[in-house]
Structures are given as C-alpha cells and as structure tokens.
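Commentary on secondary and tertiary structure
Given next are the chains, with one letter for each unit.
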Amino acid sequence: MKIEGYYPRICDKLILSQLSSTGALLIVGPKWCGKTYSSLNVCKSVLYMQEPDKSSGYLRMADTMPSFLLNGEKPRLIDEWQEAPQLWDAIRFDIDQSGLWGQYILTGSLTPNKNQSPKHTGIGRIARLKMRPMSLFESRESNGQISLKDLFEGKLDIIGQSNLTIPQIAKCICRGGWPEAVVKKTSSNTVARNYVDSVIHAEIKNNDGVNRNSYRISQLLHSYARNISTQAAQTTILEDIKANDVSFSATTLYDYVNALREIFLIEDTPAWKPSLRSKSAIRTTEKRQFVDPSIAVAAIGANVDSILNDFEYFGFLFESLVTRDLRIYSQAIDGEVFHYRDKDKLEADIVIRLRNGRWAAIEVKLGNKEIEDGAKHLLELNKKVDTKRVGQAAFLMVVTGGEFAYRRKDGVFVVPLGCLKD
C-alpha cells in the first residue's frame, strides 16, 4: 500500500528487517510522528481501530471474536491496537498456530494501562520498535554527507558543508520533525502547540482514565521546557510547580511524569556509566528531554524570534535537536544515546553506545567559538575512561550549527548537524 508523496524514513529498513525475523512488529511512539504512514508503506491490509463509523463495531467484535479482525492479506496493520488490547493475545496465538513471520504490524501512541494489559508478553513472537518524529536528514534539511555508521566503521576522512543557517535551525527546532509540518513545508510551531494542548486537556487522561489536573500538566511541561537539556533534579521540577501550587507533591510529580512517558512525550537521556581509571564519581541524573524540541518551544510559549533573541536557551534547544537526530541515527546502527558527567564536572553532552560495545563521545556547540572547549572536554574524557574495559572511543565529535565538517589535528571531528545521517 505505497503512499504517494511519502518521505522515506530511516526506520523503514528496520521495519522490514524486524518483519523478516518475527511474527509481528509493534511500533510505538508519540502521536503524529508517522507510525501509520510508515506502516501503510509496508502492509497489504489495514484495520483502523479508531475509524469513527466502525470503531464501536470493532470493539464489540474484539470482545466476542477477536480473530475475525485479523482476517486480511498479510502483513496486516492494526492501527491504534491498544483500543482493543485483547487483539494482542489473539495475534500471539495466530502466530503460534501459523509459525509464519511478518504477519502483523501494530501501531500505538499509548501504553495500555495495567488493567488492560495482555495476558502474554509476546516475547519471541512480537518485536518492538520505537519511532520518533523526523530527523533533519529525513526532512531533507541535512545533506547527509557525514554518516554515523561510517565513523563507527573507522572511515575517518571526512569533508562536508552544511547549507543550514542559524535562523533555519531555529525554524527546524520550532517546527519539529512532525511529518505533517515537514511535508507542508511550514516553519510554524502549530503542530507542536496542538499536540501540547491535546496532552494538557485530553491525551494524558485517555490512557488510564485518571483525572489529572490540566493546570498542573501545563506547569510540568513548562518546567521541563525551562530545564531542557540539563540535569535538573526532580526536586527542581517539583519546586518550579510548587511555586504556584503548594499542594503539589513528589508522589504526584512521579505520577504525572510517568504518564507523560507512557504517551512517549518525555524521553530523558540516561547517564553513561563506564569504568574509569580514576575514582571520580559519575553523576547519574538523567538529562531532561522531550521526544522533539518543538514540544519545549510550544510548552514555554516561545517562537523563532524569541529563541533567536535568547541565545543561551537556543543552545539548550539545539542540543535537544541534536539528541533527537542522533537517537534516530543511532537506532539504525543498533545503538543508544546517553550523556556523561562526573563529580569534577567533566562531561560529554552525548555518548553513543552500540550493542557491540563500541562507543563515541560527542559535545554539542551551537557556535564555532565553543568548539575548542568541546574538543578539550572530549579529549579529557577519553583519557579518563578505562579502555581496557570499555575499549577505545570509536571517535570524538563536536556537533555544531556551523558550516564546515572537518577533522582537527587532535583527531576530534567537527561536524555540522546539517551534514549528518545514520
């Protein structure tokens, strides 16, 4: 079911790969990130669980004979499957009976609550893939001259030139990687604002039916946005909210943050904990991040002009943009994104670790004047890591908002975000 005008996604190959080695694939991620379109590009039949004229009938059928809803040419897409969680067990049973791979694709933007969870986990039968909004390479704003995979494979001779200017980067941050906004070539923050409004007034309540306070959700999102790309402690977030709501408790904060994670809106960056030569204590607080930097812009009530006039905050948003893109690129090469900071305040904004153990450290610097400091931090970290246990860094890189990609004499790469791809 090929989609006309479809922008190819990096996860397309991952979807096909997973379907070739498992019975079904569950694709999760925030609403409007493109899960359905990417699935339609692969499937041969589809069931829309939220189709207005048919949804009530589908739900009744799911209660009485869920196997009937599985009829259709394979692979069959079940869109927003969590509307009828009993379909999970029916799919697992069908896969067991047929023994075939690539039978179903399930998409969902919510995690079923405990009362709705399927009886069986689906391990060994249903694989899971997380999808995010579009990276700059997918939205055709990065020229992709520098490949993350190539760098990990030791291809160290690089050359590249980005066409992205600082104002264009600001527009990319505000617009976000939402396919609807990308395809329509808008630079406004409308999609993200609509998403935040939906989360505040409805979305966060749809998953478990808990009647959370809209004002408190708004305050939490605002605090997260204010502390984007920092290691702000939960107590800092709590104090931000309590400034206007003294009855807000730590228990309530945990509940609200967890609810936002369940709808894939919050995606904090965990700390990397390597073995060190020294006895420096590693700070393990996560970095505060949304799944897309446009959420922070919308939650804090900013726009392109206001972030360009606050260059310090722009820097934090730029790091959030880089984090989003590197998560997407790393996923394609079987890697994950972390950050590093120790008690001596030595840090790396991003650490990519592949499943095979290889790793790379990255600093994010919006302007060229900060490149020297970034390279210095990376070289110091490289000396501190116990390479006998974690191995040598595959590469050290400063990601910038500048124009040229090159390799410094000390071996550190300087690469504009507008040149990167998976």
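We now turn to the structure provided with this report. This structure is a prediction, so every number in the text was calculated from the model and none was measured.

**So, the sheet that holds strand β5 (residues 126-130)**
Ordered by their spatial adjacency, 5 strands build an open sheet running β2-β3-β4-β1-β5, and the pairing between neighbours is parallel. The open sheet has two edge strands, β2 (45-48) and β5, and neither has a second partner. Sheet twist, expressed as the average angle between the axes of neighbouring strands with direction ignored, equals 20°. Two elements, β2 and strand β3 (residues 76-79), share 4 bridges in a ladder whose sense is parallel. Looking at β3, one finds that S45 is bridged to R76. Across the sheet, helix α4 (residues 86-98) touches β1 (24-28), β3, β4 (104-108) and β5, and the angle it forms with β4 is around 160°.

**A word on the packing of aromatic side chains**
Overall, the coordinates contain 10 aromatic pairs when judged by the stated rule. Here W178 and Y195 contribute two aromatic rings whose centre-to-centre distance is 5.4 Å and whose plane-to-plane angle is 85°, an arrangement assigned as edge-to-face. Note that W178 is positioned in the loop between α6 (166-175) and α7 (179-183) and Y195 in helix α8 (residues 190-206), a separation of 17 residues in sequence. Take W178: its relative accessible area is 0%, and that puts it in the buried class. Pairing F395 with F413 gives two aromatic rings, centres 6.3 Å apart and planes at 70°, and the pair type is edge-to-face. Highlighted residues: F395 in strand β11 (residues 395-400) and F413 in strand β13 (residues 413-416), separated in sequence by 18 residues. Here F395 falls in the buried class, since its relative accessible area comes to 4%. A residue is classified by how much of its surface remains accessible, and F413, at 1% relative accessible area, is buried. The rings of W32, W178 and Y195 are connected pair by pair, giving a single aromatic cluster.

**What to know about unusual backbone geometry**
Between K74 and the following residue, P75, the backbone shows a cis peptide bond with an omega angle of 0°. Tracing the backbone shows P75 in the loop between α3 (55-64) and β3. A positive phi is found at W32, a non-glycine position, where the angle reads about 70°. The topology assignment puts W32 in the loop between β1 and α2 (35-40). Positive phi is not limited to glycine here, since K345 has a value of about 65°. Among the structural elements, K345 can be located in the loop between β8 (335-341) and β9 (347-354). Judged by its relative accessible area of 61%, K345 falls in the exposed class.

**Some words on the sheet that holds strand β7 (residues 160-161)**
Sheet strands associate in pairs through backbone hydrogen bonding, adopting either a parallel or an antiparallel arrangement. Pairing is mixed in the open sheet, where 7 strands are placed in the order β7-β12-β13-β11-β10-β9-β8. At either margin of the open sheet sits one strand with a lone partner, and together these are β7 and β8. Strand direction decides the pairing type here: β11 and β13, joined by 4 bridges, are parallel. For V398, the partnering residue across the bridge sits in β13 and is V414. Strand contacts of helix α14 (residues 311-332): β8, β9, β10 (359-365) and β11, with the helix running at about 140° to β8, the strand carrying the most contacts.

**Concerning the nonpolar core**
Among the nonpolar cores identified, the biggest contains 92 residues, and L221, F290, L326 and M397 are the most heavily contacted of them. Broken down by element, the residue count for this core peaks at 9 residues, all from α14. Ranked by size, the runner-up nonpolar core spans 21 residues in total, among them L26, A62, L69 and I126.

Calculation rules
- Residues numbered from 1 in each chain as written.
- Predicted model: local features only at pLDDT ≥ 70, side-chain atom pairs only at ≥ 80, totals over all residues.
- Heavy atoms only, no water.
- Pairing = 2+ DSSP bridges.
- Helix = DSSP H or I, 4+ residues; strand = E, 2+ residues; numbered from the N terminus.
- Axes fitted to C-alpha atoms, helices over the stretch in contact; angles between N-to-C directions.
- Contact = heavy atoms within 4.5 Å.
- Phe/Tyr/Trp six-rings, centres within 6.5 Å; stacked < 30°, edge-to-face > 60°.
- Buried < 20%, exposed > 50% of the residue type's maximum accessible area, 1.4 Å probe, protein only.
- Core = buried A, V, L, I, M, F, W, Y, C linked by side-chain atoms within 4.5 Å.

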